[in-house]
Amino acid sequence: MARTFRSLRRQNLSAQVVREIGLSIMRKDFQPGDALLSEPELSQQFNVSRPVLREALKVLAEKGLIEARPRTGTRVRPRADWNLLDPEVLTWQYEVGPDPAFLEAVCEVRLMFEPMTARLAASRATAEEIETIEEACGRLEELVEEAEPYIEADLAFHSAICAAAHNELLERIVATLAAPLRASRLVTARLPGANQRTMPLHRRVAEAIRLRQGLTAEEAMRDLIVLTTEDVHRALGYALSGSGRSLSACPYDSQSEAPAVTGEGGE
């Protein structure tokens, strides 16, 4: 049965069409290879002109969600073709609800770059940036019992550490991942005891950065992300061993030696 779309308000029509179809694809109303309705039918459903619809379909094609071919029409592309780092695609995935595989991917990406970010911050942070990190950590402690405010404080804490690493490319990556990072916090912040469990590791990270102890900061951040990943899995109701992937597959863990970073301060 074809998916029926509702007509739209008369403001930013093209963007609204993009959003409606994009969210529908994220909700899996369409499977890869499914065809959308014809342009005349979609125009009628959305109550928009053909040029407005074509502009919207062009945007969706640029995001890798659909493709238009002669005779076969406009079809949904496989997830592997999507531009998963597109800000709107990330936001739509966040809006439709937690996807276990996507959230696990977020945790894996965090594990790849956040420990090294903490290590770099320990060697590069200015005195003012260290003060900002410690203040953010103190704010976390104050809000540990409050879900929504805690999320904002936690994002501020990690953002302060990223800024203190002084790597502009890393900052852009973190900015791009803002929506999924927030989504992972939303999943865990309401889990009983989760915020309290991670608080000692937040303090350990902040203290190691203050003392310029790069390896300690890196290891503490790694332990924090691993603990957060466990909480994501607990919150979503499935075990780490049953997810098909395991953090034990990482090339090193908090009990093994981390790779050296030449030219940066350590312990």
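Before reading on, note that the structure itself is shown above.
Residues numbered from 1 in each chain as written. Predicted model: local features only at pLDDT ≥ 70, side-chain atom pairs only at ≥ 80, totals over all residues. Heavy atoms only, no water.

1. Brief notes about the overall build of the chain
Inclusion rule: By the criteria applied, helices consist of DSSP H or I runs no shorter than four residues and strands consist of E runs no shorter than two, each listed in order from the N terminus. Using a 1.4 Å probe on the protein chains alone, a residue whose accessible area is under 20% of its type maximum counts as buried, one over 50% counts as exposed, and one in between counts as partly exposed. Contacts are assigned to residue pairs that have any heavy atoms within 4.5 Å of one another.
Within the chain, the regular secondary structure consists of 11 helices and two strands. The linear arrangement of helices and strands in the chain, starting from the amino end, is α-α-α-β-β-α-α-α-α-α-α-α-α. Expressed as a percentage of its 267 residues, the buried residues of the chain come to 43%. When contacts within the chain are restricted to residue pairs at least 6 apart in sequence, those whose partners lie at least 24 apart make up 74%.

2. Side note on helix H4 (residues 87–95)
Note the threshold: Each direction from the helix axis to a C-beta atom contributes to the arc, which is the arc of those directions.
Looking at H4, one finds that the buried residues are Val89, Leu90, Trp92 and Gln93. Seen along its axis, H4 keeps its buried residues to an arc of 165 degrees; they face one direction. Buried positions along H4 lie against helix H1 (13–26), helix H3 (50–62), helix H5 (100–124), helix H8 (168–176) and helix H9 (178–189). Where H4 terminates, the next one or two residues include Gly97, which has phi positive at roughly 115 degrees.

3. Describing the packing of H4 against H9
Each pair of packed helices can be summarised by the angle the axes make with each other and by the distance between the axes. To keep things clear, this is the line we draw: Think of each axis as a best-fit line through the C-alpha atoms, taken over the contacting stretch in the case of a helix, with angles from 0 to 180 degrees between the N-to-C directions. Oblique is the label for any angle not covered by the other classes, which are roughly parallel (under 35 degrees), roughly antiparallel (over 145) and roughly perpendicular (65 to 115). Throughout, a crossing is termed right-handed when the near helix is turned clockwise from the far one, and left-handed when it is turned anticlockwise from it by less than a right angle. For this classification, the nonpolar set comprises Ala, Val, Leu, Ile, Met, Phe, Trp, Tyr, Cys and Pro, the charged set comprises Asp, Glu, Lys and Arg, and every other residue, Gly included, is treated as polar.
It is the contact of H4 with H9, at a shortest axis distance of 8 Å, that shows an interaxial angle of 15 degrees. Here H4 lies roughly parallel to H9, going by the angle between them. Crossing hand, H4 versus H9: left-handed. Where H4 abuts H9, its residues Leu90, Thr91 and Tyr94 lie against Ala179, Pro180, Arg182, Ala183 and Leu186. Within the contact of H4 with H9, the residues separate by chemical class into six nonpolar, one polar and one charged.

4. Things to note about the pattern of salt bridges
For the record, the criterion: Any carboxyl oxygen of Asp or Glu within 4 Å of a side-chain nitrogen of Lys or Arg constitutes a salt bridge here.
Considering all chains together, one arrives at 20 salt bridges under this definition. Across the salt bridge formed by Glu39 and Arg50, the nearest N and O atoms sit 3.2 Å from each other. One end of the pair, Glu39, is in helix H2 (residues 39–46); the other, Arg50, is in helix H3, and 11 residues separate them in sequence. For Glu39, a relative accessible area of 25% gives the class partly exposed. Put simply, Glu207 and Arg210 hold a salt bridge, and the shortest N to O gap is 2.5 Å. You can see Glu207 and its partner Arg210 sitting in helix H10 (residues 194–210), three residues apart, about one turn around the helix. Taking relative accessible area as the criterion, Glu207 reaches 35% and is therefore assigned partly exposed. Look at the salt bridges and you will find they share partners, linking Glu39, Arg50 and Arg54 into a network.

Purely geometric numbers; function is a separate question.
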